[in-house]
Amino acid sequence: MAVQISPSILSADFARLAEEAAAVESAADWLHVDVMDNHFVPNLTLGLPVVESLLRHAKLPVDCHLMIEDPDRHAPPFAEAGAGSVTVHAEAVKAPVRTLRAIRAAGARSGLAVNPGTAIESYDDLLPEIDMLLLMTVEPGFGGQKFLDLVMPKLRRARSMVAKRGGSVWLQVDGGVSAETIERCAEAGADVFVAGSAVYGADDPAKAVRALREQAETATAHAAWAAGR
(Lines give C-alpha, C1' and ligand atoms only; values in the text may rest on other atoms or scores of the structure.)
Protein backbone atom coordinates (compact mmCIF):
# COMPACT_ATOMS: atom_id res chain seq x y z
CA MET A 1 0.00 0.00 0.00
CA ALA A 2 1.19 3.51 -0.74
CA VAL A 3 2.30 5.84 2.03
CA GLN A 4 -0.53 7.94 3.44
CA ILE A 5 -0.23 11.14 5.48
CA SER A 6 -2.99 12.19 7.87
CA PRO A 7 -2.43 15.67 9.36
CA SER A 8 -3.86 16.01 12.85
CA ILE A 9 -6.03 19.04 13.51
CA LEU A 10 -5.18 18.72 17.20
CA SER A 11 -2.28 21.01 16.32
CA ALA A 12 -4.39 23.31 14.13
CA ASP A 13 -6.21 26.51 15.04
CA PHE A 14 -9.59 25.33 16.32
CA ALA A 15 -11.11 28.72 15.49
CA ARG A 16 -10.25 28.18 11.81
CA LEU A 17 -10.80 24.47 11.26
CA ALA A 18 -12.24 24.79 7.75
CA GLU A 19 -9.27 26.89 6.61
CA GLU A 20 -6.80 24.59 8.36
CA ALA A 21 -8.35 21.60 6.60
CA ALA A 22 -8.11 23.38 3.27
CA ALA A 23 -4.43 24.17 3.89
CA VAL A 24 -3.46 20.51 3.52
CA GLU A 25 -6.07 19.18 1.09
CA SER A 26 -3.75 19.40 -1.93
CA ALA A 27 -1.08 17.25 -0.30
CA ALA A 28 -2.59 14.96 2.36
CA ASP A 29 -4.63 11.76 2.15
CA TRP A 30 -6.73 12.13 5.29
CA LEU A 31 -7.63 14.66 7.94
CA HIS A 32 -7.02 13.19 11.38
CA VAL A 33 -9.46 14.26 14.10
CA ASP A 34 -8.69 13.45 17.74
CA VAL A 35 -11.85 13.16 19.83
CA MET A 36 -11.02 13.31 23.55
CA ASP A 37 -13.48 13.26 26.44
CA ASN A 38 -11.34 14.22 29.47
CA HIS A 39 -12.03 10.77 30.96
CA PHE A 40 -10.18 8.18 28.90
CA VAL A 41 -7.45 10.79 28.43
CA PRO A 42 -6.82 13.96 30.46
CA ASN A 43 -7.85 16.37 27.73
CA LEU A 44 -11.06 17.63 26.15
CA THR A 45 -11.12 18.47 22.45
CA LEU A 46 -14.22 18.20 20.30
CA GLY A 47 -17.14 15.89 19.72
CA LEU A 48 -19.60 14.67 17.13
CA PRO A 49 -21.28 18.06 16.41
CA VAL A 50 -17.94 19.64 15.46
CA VAL A 51 -16.98 16.62 13.38
CA GLU A 52 -20.32 16.83 11.56
CA SER A 53 -19.64 20.50 10.82
CA LEU A 54 -16.12 19.75 9.64
CA LEU A 55 -17.39 17.00 7.36
CA ARG A 56 -19.53 19.56 5.54
CA HIS A 57 -16.45 21.61 4.66
CA ALA A 58 -13.47 19.24 4.46
CA LYS A 59 -12.64 17.81 1.03
CA LEU A 60 -10.33 15.18 2.51
CA PRO A 61 -11.81 12.05 4.08
CA VAL A 62 -11.91 12.35 7.86
CA ASP A 63 -10.04 9.90 10.07
CA CYS A 64 -11.64 9.98 13.55
CA HIS A 65 -9.52 8.73 16.44
CA LEU A 66 -11.76 8.26 19.47
CA MET A 67 -9.89 8.60 22.77
CA ILE A 68 -13.05 8.24 24.81
CA GLU A 69 -14.84 6.06 27.30
CA ASP A 70 -17.66 3.83 26.01
CA PRO A 71 -16.67 3.76 22.33
CA ASP A 72 -19.08 0.85 21.90
CA ARG A 73 -21.90 3.38 22.24
CA HIS A 74 -20.34 6.45 20.66
CA ALA A 75 -18.24 5.17 17.74
CA PRO A 76 -20.95 4.13 15.22
CA PRO A 77 -22.50 7.63 15.05
CA PHE A 78 -19.18 9.04 13.78
CA ALA A 79 -19.28 6.54 10.93
CA GLU A 80 -22.95 7.29 10.31
CA ALA A 81 -22.10 11.01 10.12
CA GLY A 82 -19.73 10.34 7.22
CA ALA A 83 -16.27 9.80 8.70
CA GLY A 84 -14.14 7.72 6.37
CA SER A 85 -12.37 5.92 9.20
CA VAL A 86 -13.23 5.49 12.88
CA THR A 87 -10.69 4.13 15.37
CA VAL A 88 -11.47 2.95 18.89
CA HIS A 89 -9.02 2.12 21.67
CA ALA A 90 -8.43 -1.47 22.70
CA GLU A 91 -8.16 -0.29 26.30
CA ALA A 92 -11.66 1.21 26.24
CA VAL A 93 -13.79 -0.95 23.97
CA LYS A 94 -15.83 -3.63 25.75
CA ALA A 95 -17.38 -5.42 22.74
CA PRO A 96 -14.74 -4.99 20.03
CA VAL A 97 -16.15 -7.33 17.42
CA ARG A 98 -19.64 -5.86 17.62
CA THR A 99 -18.36 -2.28 17.62
CA LEU A 100 -15.86 -2.74 14.81
CA ARG A 101 -18.52 -4.43 12.69
CA ALA A 102 -20.97 -1.63 13.44
CA ILE A 103 -18.40 0.92 12.20
CA ARG A 104 -17.96 -1.01 8.97
CA ALA A 105 -21.71 -1.47 8.56
CA ALA A 106 -22.11 2.30 8.77
CA GLY A 107 -19.73 2.73 5.84
CA ALA A 108 -16.42 3.61 7.51
CA ARG A 109 -13.10 1.82 7.81
CA SER A 110 -12.69 0.28 11.27
CA GLY A 111 -9.59 0.95 13.32
CA LEU A 112 -8.17 -0.36 16.58
CA ALA A 113 -5.68 1.72 18.58
CA VAL A 114 -3.28 0.55 21.27
CA ASN A 115 -1.38 2.69 23.77
CA PRO A 116 2.42 2.48 24.07
CA GLY A 117 2.24 0.11 27.05
CA THR A 118 -0.36 -2.22 25.51
CA ALA A 119 0.85 -5.44 23.92
CA ILE A 120 -0.55 -6.18 20.48
CA GLU A 121 -0.34 -9.95 20.49
CA SER A 122 -3.68 -10.30 22.30
CA TYR A 123 -5.41 -8.64 19.35
CA ASP A 124 -4.12 -10.88 16.59
CA ASP A 125 -7.50 -12.60 16.25
CA LEU A 126 -9.18 -9.22 15.73
CA LEU A 127 -7.17 -8.39 12.60
CA PRO A 128 -9.91 -9.68 10.26
CA GLU A 129 -12.32 -7.23 11.91
CA ILE A 130 -10.19 -4.13 11.36
CA ASP A 131 -8.96 -2.10 8.43
CA MET A 132 -6.29 -0.24 10.39
CA LEU A 133 -4.19 -0.86 13.48
CA LEU A 134 -3.03 2.33 15.19
CA LEU A 135 0.05 2.22 17.37
CA MET A 136 0.33 5.24 19.64
CA THR A 137 3.91 6.47 19.71
CA VAL A 138 3.20 8.84 22.64
CA GLU A 139 0.87 8.52 25.60
CA PRO A 140 -2.48 9.73 24.25
CA GLY A 141 -3.98 13.03 25.33
CA PHE A 142 -1.82 15.89 24.11
CA GLY A 143 -0.08 16.95 20.91
CA GLY A 144 3.55 17.96 20.63
CA GLN A 145 4.94 15.12 22.74
CA LYS A 146 8.30 13.43 22.18
CA PHE A 147 8.27 10.24 20.13
CA LEU A 148 8.62 7.06 22.22
CA ASP A 149 11.25 4.79 20.67
CA LEU A 150 10.10 1.90 22.84
CA VAL A 151 7.20 1.40 20.42
CA MET A 152 9.47 0.53 17.50
CA PRO A 153 9.85 -3.19 18.32
CA LYS A 154 6.07 -3.42 18.69
CA LEU A 155 5.64 -1.80 15.28
CA ARG A 156 7.87 -4.45 13.73
CA ARG A 157 5.88 -7.19 15.46
CA ALA A 158 2.64 -5.63 14.22
CA ARG A 159 3.90 -5.63 10.65
CA SER A 160 4.82 -9.30 11.02
CA MET A 161 1.36 -10.10 12.42
CA VAL A 162 -0.35 -8.41 9.49
CA ALA A 163 1.90 -10.14 6.98
CA LYS A 164 1.19 -13.58 8.47
CA ARG A 165 -2.55 -12.96 8.24
CA GLY A 166 -2.15 -12.01 4.61
CA GLY A 167 -4.62 -9.18 4.91
CA SER A 168 -4.52 -5.53 3.94
CA VAL A 169 -4.62 -3.94 7.39
CA TRP A 170 -3.02 -0.50 7.42
CA LEU A 171 -0.51 0.28 10.18
CA GLN A 172 -0.82 3.82 11.48
CA VAL A 173 1.50 5.63 13.87
CA ASP A 174 0.39 8.67 15.85
CA GLY A 175 2.49 10.84 18.15
CA GLY A 176 5.76 12.67 17.63
CA VAL A 177 5.85 11.88 13.91
CA SER A 178 8.18 14.36 12.27
CA ALA A 179 11.06 14.68 9.84
CA GLU A 180 13.28 13.17 12.54
CA THR A 181 11.14 10.05 13.14
CA ILE A 182 9.05 9.23 10.08
CA GLU A 183 11.75 7.32 8.24
CA ARG A 184 12.29 4.97 11.18
CA CYS A 185 8.56 4.37 11.42
CA ALA A 186 8.30 3.58 7.72
CA GLU A 187 11.29 1.25 7.84
CA ALA A 188 9.74 -0.60 10.79
CA GLY A 189 6.43 -1.17 9.02
CA ALA A 190 4.11 1.85 9.28
CA ASP A 191 2.32 2.99 6.15
CA VAL A 192 -0.11 5.62 7.53
CA PHE A 193 1.39 8.56 9.41
CA VAL A 194 -0.39 11.04 11.65
CA ALA A 195 1.54 14.30 11.96
CA GLY A 196 0.31 17.28 13.96
CA SER A 197 2.81 19.92 14.96
CA ALA A 198 5.20 18.83 12.18
CA VAL A 199 2.52 19.94 9.70
CA TYR A 200 0.56 22.72 11.37
CA GLY A 201 3.63 24.16 13.05
CA ALA A 202 5.21 24.72 9.64
CA ASP A 203 4.93 27.93 7.62
CA ASP A 204 3.52 25.94 4.70
CA PRO A 205 1.52 22.91 5.95
CA ALA A 206 1.04 21.42 2.48
CA LYS A 207 4.76 21.62 1.76
CA ALA A 208 5.46 19.94 5.10
CA VAL A 209 3.11 17.08 4.18
CA ARG A 210 4.87 16.58 0.84
CA ALA A 211 8.28 16.53 2.52
CA LEU A 212 7.12 13.94 5.07
CA ARG A 213 5.63 11.80 2.31
CA GLU A 214 8.89 11.87 0.35
CA GLN A 215 10.86 10.76 3.40
CA ALA A 216 8.42 7.94 4.18
CA GLU A 217 8.32 6.74 0.57
CA THR A 218 12.12 6.64 0.38
CA ALA A 219 12.39 4.69 3.62
CA THR A 220 9.62 2.28 2.59
CA ALA A 221 11.33 1.57 -0.72
CA HIS A 222 14.36 0.30 1.19
CA ALA A 223 12.47 -1.50 3.96
CA ALA A 224 12.75 -5.27 4.24
CA TRP A 225 9.05 -5.67 4.99
CA ALA A 226 8.08 -3.93 1.75
CA ALA A 227 10.21 -6.14 -0.50
CA GLY A 228 8.12 -8.03 -3.01
CA ARG A 229 4.90 -6.12 -2.35
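Remember, predicted model here, so these are calculated numbers, not experimental data.

### Quick word on the side chain of R213
Within the fold, R213 resides in helix 8 (residues 205-221). Overall, the relative accessible area of 16% leaves R213 in the buried class. Looking at R213, its side chain comes within polar contact range of the main-chain oxygen of V3, at 3.1 Å. R213 has contacts with V3, Q4, I5, A27, A28 and D29, leaving out every residue within four places of it along the chain.

### Quick word on the environment of D63
The topology assignment puts D63 in strand 3 (residues 62-67). For D63, a relative accessible area of 1% puts it in the buried group. The sequence separation of D63 and G111 amounts to 48 residues, and the corresponding C-alpha distance is 9.5 Å. Apart from the residues within four sequence positions on either side, D63 is in contact with S6, W30, L31, H32, V33, S85, T87, M132 and Q172.

### Here's the deal with empty space enclosed by the protein
Within the structure shown, the criterion is met by one cavity of 30 Å³ or more. Reported here for the largest cavity is a volume of approximately 40 Å³. Every residue along the wall of the largest cavity is listed here: L112, I120, Y123, L126, L127, I130, L133 and M161. Each residue belonging to the lining of the largest cavity can be placed in one class, and the counts come to eight nonpolar, no polar and no charged.

### Looking at the sheet that holds strand 7 (residues 170-174)
Strands sit in the order 1-8-7-6-5-4-3-2 across an open sheet of eight strands; the sheet is parallel. The open sheet is flanked by strand 1 (4-7) and strand 2 (31-36), the only strands paired with a single partner. Averaged over all adjacent pairs, the angle separating strand axes in this sheet is 25 degrees, with direction ignored. Note: strand 2 against strand 3, six bridges, orientation parallel. Opposite V35, over in strand 3, you have L66 as the bridge partner. Sheet strands in contact with helix 3 (residues 71-81) are strand 2, strand 3 and strand 4 (85-89), and its direction is about 170 degrees off that of strand 4. The strands that helix 8 touches are strand 1 and strand 8 (192-195); relative to strand 1, the one it contacts most, it runs at about 145 degrees.

### With respect to unusual backbone geometry
Excluding glycine, a negative phi dihedral is what most residues carry, and trans is how most peptide bonds are arranged. The phi torsion at N38 lies on the positive side, around 65 degrees, for a residue other than glycine. Mapped onto the elements, N38 comes out in the loop between strand 2 and helix 2 (48-57). Even without being a glycine, D70 presents a positive backbone phi close to 55 degrees. Relative to the helices and strands, D70 is located in the loop between strand 3 and helix 3.

### What about the pairing of strand 1?
With burial as the criterion, each face of strand 1 is covered, one bearing Q4 and S6 and the other bearing I5 and P7. Bridge analysis of strand 1 against strand 8 gives four bridges, and the strand direction is parallel. Bridge pairing in strand 8 places Q4 opposite V192.

### A word on the pairing of strand 7
The buried count for strand 7 comes to five of five residues, which makes it a mostly enclosed element. Burial along strand 7 is two-sided: the residues W170, Q172 and D174 and L171 and V173 are all buried. Regarding the hand of the β-α-β motif, the stretch spanning strand 6 (residues 132-136), helix 5 (residues 152-165) and strand 7 is right-handed. With three bridges joining them, strand 7 and strand 8 adopt parallel strand pairing. If you follow Q172 over to strand 8, its bridge partner there is V192. Taking the sense of rotation as the criterion, the β-α-β connection linking strand 7, helix 6 (residues 182-188) and strand 8 turns out right-handed.

Reading the values: the criteria
Residues numbered from 1 in each chain as written. Predicted model: local features only at pLDDT ≥ 70, side-chain atom pairs only at ≥ 80, totals over all residues. Heavy atoms only, no water. Helix = DSSP H or I, 4+ residues; strand = E, 2+ residues; numbered from the N terminus. Buried < 20%, exposed > 50% of the residue type's maximum accessible area, 1.4 Å probe, protein only. Polar contact = N/O pair within 3.5 Å; in protein donor to acceptor, adjacent residues only side chain to side chain. Contact = heavy atoms within 4.5 Å. 1 Å grid on protein atoms, 1.4 Å probe; cavity = no way out; pocket = protein on both sides within 12 Å on 5 of 7 lines; lining within 4 Å. Points joined across faces, edges and corners; volume = space filled by probe spheres on them. Nonpolar A, V, L, I, M, F, W, Y, C, P; charged D, E, K, R; others polar. Pairing = 2+ DSSP bridges. Axes fitted to C-alpha atoms, helices over the stretch in contact; angles between N-to-C directions. Right-handed = clockwise from strand over helix to strand, strands pointing away.

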